[in-house]
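The chain contents come next:
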Amino acid sequence: GELDRALELYREFLRVARLRFAGTDHRDVAVVLSGIAQIHPERCEDDEALALYERSLKAGRAALGENHSEVAMLLNRIGNFHFERDDLDAALRCYREGLGIERAVLDADHPNVVVTLSNLGEIHRQRSEWDDAVGLYAEVLDLQRRRLGRGHPDVASTLNTLGLIHDQRGDACAALRCLQDSLLLRRAALGNDHLDVSATLTYVGTILYRKNVLGVAMDLFSESLRIRRAALGPDHRDVAFTLYNIALVHQQRGSYEEAMECYGETLRVERLVLGARHRDVAMTLYKLGEAHRAHGDMEGALDRFTEALSIERETLGEDDPATLARTLNEIGNICLARGDVVPMMDAFNEAARIYRRAGLSPNNLIVSGQLYAFDISCPEAAPAA
């Protein structure tokens, strides 16, 4: 109802503007058309939105000329529209054109220039064009330091983003330098209990976990957990993410009882927030099964793997065959250890069918114990955001 009312008001503004300015080529007409365009996506009317954005841009150019900051603003809005719909090529064209105008008419370190550079950097990041992304965000960082000062929270945010890009491109050392600088700035500017501090702690901890620096990773995850529980309460999904990371460290250290406790608490929160049949619940159940198996509790492991498989069948289907085959393989190996031949063969045979149907190489078949199993590489949970 509110969207309908807003649309009605905008259309009345448009009617008045056209009457007052005797046509469509006026700045106010362009502004109102752009406002109407922003409502249509909320109503799932993307075609209408794009048509109105184009009309708005045409009116703005006619009224203001090609090189005007408001024309650049309209181009950026159209770029945002395309970006939100994953049309990165169209978004890139709009942002580049908008940036060219902004550089011509605004100060070099104007906030609008910084925003557009960030938008361009994010597109290159999503396209895994790491050098372009790093170059753009480095320019953003320089402009922010010049305009805002070296200790500003926006500077810390850009350093954080640069750290994530370096991590994605595989340069852990550069990532740690940027993230540690970001962490220092965020602590100084925001305090030790801010959620942005928690996020950066988690990113640094994740990199150190992968480098097997487990003691420091645990300290960082534990501090992140303290911040998130205090700020968000015990039943928030970000708390579950952090508990999961702590469980991974315990598991890597061989502290299986502590790992099971953290996975169990993760599972409680995920079921509460996401529902009992969510794919993240299946992932946690799988890791909990691993911990039970490593601890020698085969019955508990089988129960967790079986429940994980049930959820994976519902939520993944054939979209992620490696995950299904991996879980079936775990079930098969436990049945093998217990001497349960029929369920063992059922699990291994289904894993083999899924494996081959997905076109995965039979070279990944390996001998394990007295029977074959699969060496399937599956990523663990993504680090908390």
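Being a predicted model, the structure only gives us computed values, none of them experimental.

Q: Tell me what's going on with the packing of helix α6 (residues 111-126) against helix α7 (residues 130-148), and back it up with residues and numbers.
A: Closest axis-to-axis distance for the α6/α7 pair is 8 Å, and the angle between their directions is 160°. Of the possible angle classes, the one that applies to α6 and α7 is roughly antiparallel. For the element pair α6 and α7, the recorded crossing hand is left-handed. In this structure, α6 uses Pro111, Val113, Val114, Leu117, Ser118, Leu120, Gly121, Glu122, His124 and Arg125 to contact α7, whose residues at the interface are Trp130, Asp132, Ala133, Leu136, Tyr137, Glu139, Val140, Leu143, Gln144 and Arg147.

Q: Give a description of the packing of helix α12 (residues 237-253) against helix α14 (residues 279-294) that names residues and reports values.
A: Across the interface, α12 lies against α14 with an axial gap of 11 Å and an inter-helix angle of 25°. Looking at the two axes, α12 sits roughly parallel to α14. The handedness of the crossing between α12 and α14 comes out as left-handed. Only Asp280, Met283, Thr284, Lys287, Glu290 and Ala291 of α14 make contact with α12, whose side of the interface consists of Arg237, Tyr244, Leu248 and Gln251. Class assignment of the residues belonging to the contact of α12 with α14 gives a composition of 4 nonpolar, 2 polar and 4 charged.

Q: An account of the packing of aromatic side chains is requested, with residue identities and associated values reported.
A: A full pass over the atoms with the stated rule returns 2 aromatic pairs. Considering the side-chain rings of Tyr286 and Phe305, the 5.2 Å spacing of their centres and the 55° angle between planes classify their relative orientation as tilted. A residue pair is termed long-range when its members are at least 10 positions apart, and Tyr286 in helix α14 and Phe305 in helix α15 (residues 298-315) qualify at 19 residues. Across the pair, Phe305 and Tyr286 agree in class, each one buried. Lying across the ring of Tyr286, Arg326 places its NZ or CZ 3.5 Å from the centre.

Q: I'd like a description of α7, backed by residues and values.
A: Spanning 19 residues, α7 covers 26 Å between terminal C-alpha atoms, matching the ideal 27 Å at 1.5 Å per step. Buried within α7 are the following residues: Trp130, Ala133, Val134, Leu136, Tyr137, Val140, Leu141, Leu143 and Gln144. Just beyond α7, the residue with positive phi is Gly149, at close to 100°.

Q: How would you sum up helix α8 (residues 153-168)? Please name residues and give values.
A: Compared with an ideal rise of 1.5 Å per residue, which puts 16 residues at 22 Å, α8 spans 23 Å between its outermost C-alpha atoms and is within 8% of the ideal. Buried within α8 we find Val155, Ala156, Thr158, Leu159, Asn160, Thr161, Leu162, Gly163, Leu164, Ile165 and His166. On its buried side, α8 packs onto α6, α7, α9 (172-190) and α10 (195-210).

Q: If you had to explain the pattern of salt bridges to someone new, which residues and values would you point to?
A: Any two side chains of opposite charge can pair, on the condition that their charged atoms come close. For the structure shown, the criterion picks out 24 salt bridges. With its nearest N and O atoms 2.7 Å apart, the salt bridge here joins Arg127 to Asp89. Taken together, the positions of Arg127 in the loop between α6 and α7 and Asp89 in helix α5 (residues 88-105) put the pair 38 residues apart, joining distant regions of the chain. Close ionic contact of Arg271 with Glu307 constitutes a salt bridge, the shortest N to O distance being 2.8 Å. Note that Arg271 is positioned in helix α13 (residues 256-274) and Glu307 in helix α15, a separation of 36 residues in sequence. The exposure class of Arg271 is partly exposed, given its relative accessible area of 32%. The structure contains a network of salt bridges with shared partners spanning Arg61, Glu66 and Glu97.

Q: Before we move on, could you go through the nonpolar core and cite the residues and values that matter?
A: Membership of the largest hydrophobic core comes to 56 residues, with the highest contact counts inside it found for Tyr209, Tyr263 and Ile331. Counting residues per element, this core draws most heavily on α10, which supplies 8 residues. For Ile331, the contacting residues outside a window of four places in its chain are Leu302, Phe305, Thr306, Leu309 and Ala347. Grouped together as the second largest cluster of nonpolar side chains are 13 residues, Tyr95, Val113, Val114 and Leu120 included.

Q: Account for the environment of His152, with residues named and values stated.
A: Position of His152 among the secondary structure elements: in the loop between α7 and α8. A polar side-chain atom of His152 sits 2.9 Å from the main-chain amide nitrogen of Asp154.

Q: How would you summarise the environment of Gly289 if you had to cite specific residues and measurements?
A: Within the element layout of this structure, Gly289 appears in helix α14. The exposure class assigned to Gly289 is buried, which follows from its relative accessible area of 0%.

Quick notes on the rules
- The residue numbering used here restarts from 1 in each chain and proceeds along that chain's sequence as written.
- Per-residue local features of the predicted model are confined to residues with pLDDT of at least 70, and side-chain atom pairs are confined, for both listing and counting, to 80 or more; whole-chain, interface and lining totals are unaffected and use all residues.
- Remark: hydrogens and water are excluded; side-chain values derive from all non-hydrogen atoms of the structure.
- Under this scheme, a helix contributes an axis fitted over its contacting stretch, all axes are lines through C-alpha atoms, and angles between N-to-C directions fall in the 0 to 180 degree range.
- Runs of H or I in DSSP of at least four residues are treated as helices and runs of E of at least two as strands, each being numbered from the N terminus.
- Every angle not falling under 35 degrees, over 145, or within 65 to 115 is termed oblique; those three ranges are roughly parallel, roughly antiparallel and roughly perpendicular.
- Definitions for this section: a left-handed crossing has its near helix turned counterclockwise from the far helix by less than a right angle. A right-handed crossing has that turn clockwise.
- Contacts are residue-level and defined by heavy atoms, with any inter-residue pair within 4.5 Å sufficient.
- Residue classes follow a fixed rule: Ala, Val, Leu, Ile, Met, Phe, Trp, Tyr, Cys and Pro count as nonpolar, while Asp, Glu, Lys and Arg count as charged, and any other residue, Gly among them, counts as polar.
- Geometry of aromatic contacts follows a simple scheme: Phe, Tyr and Trp rings, the Trp one being its six-membered ring, pair when their centres are within 6.5 Å, and the pair is stacked under 30 degrees between planes, edge-to-face over 60, tilted otherwise.
- For every residue, the accessible area obtained with a 1.4 Å probe (protein chains only) is divided by the maximum for its type, and the residue is called buried under 20%, exposed over 50%, and partly exposed between those limits.
- We count a charge as sitting over a ring when the NZ of a lysine or the CZ of an arginine lies within 6 Å of the ring centre and within 35 degrees of the ring normal.
- Expected span of a helix, by definition, is 1.5 Å for each gap between consecutive residues, and there is one gap fewer than residues.
- Basic side-chain nitrogens of Lys or Arg form a salt bridge, by our definition, when they fall within 4 Å of a carboxyl oxygen of Asp or Glu.
- Note on terminology: a nonpolar core comprises buried Ala, Val, Leu, Ile, Met, Phe, Trp, Tyr and Cys residues joined through side-chain atoms within 4.5 Å.
- Two N or O atoms form a polar contact when they lie within 3.5 Å of each other; inside protein one atom must be a possible hydrogen donor and the other a possible acceptor, and for residues adjacent in sequence the pair counts only when both atoms belong to side chains.

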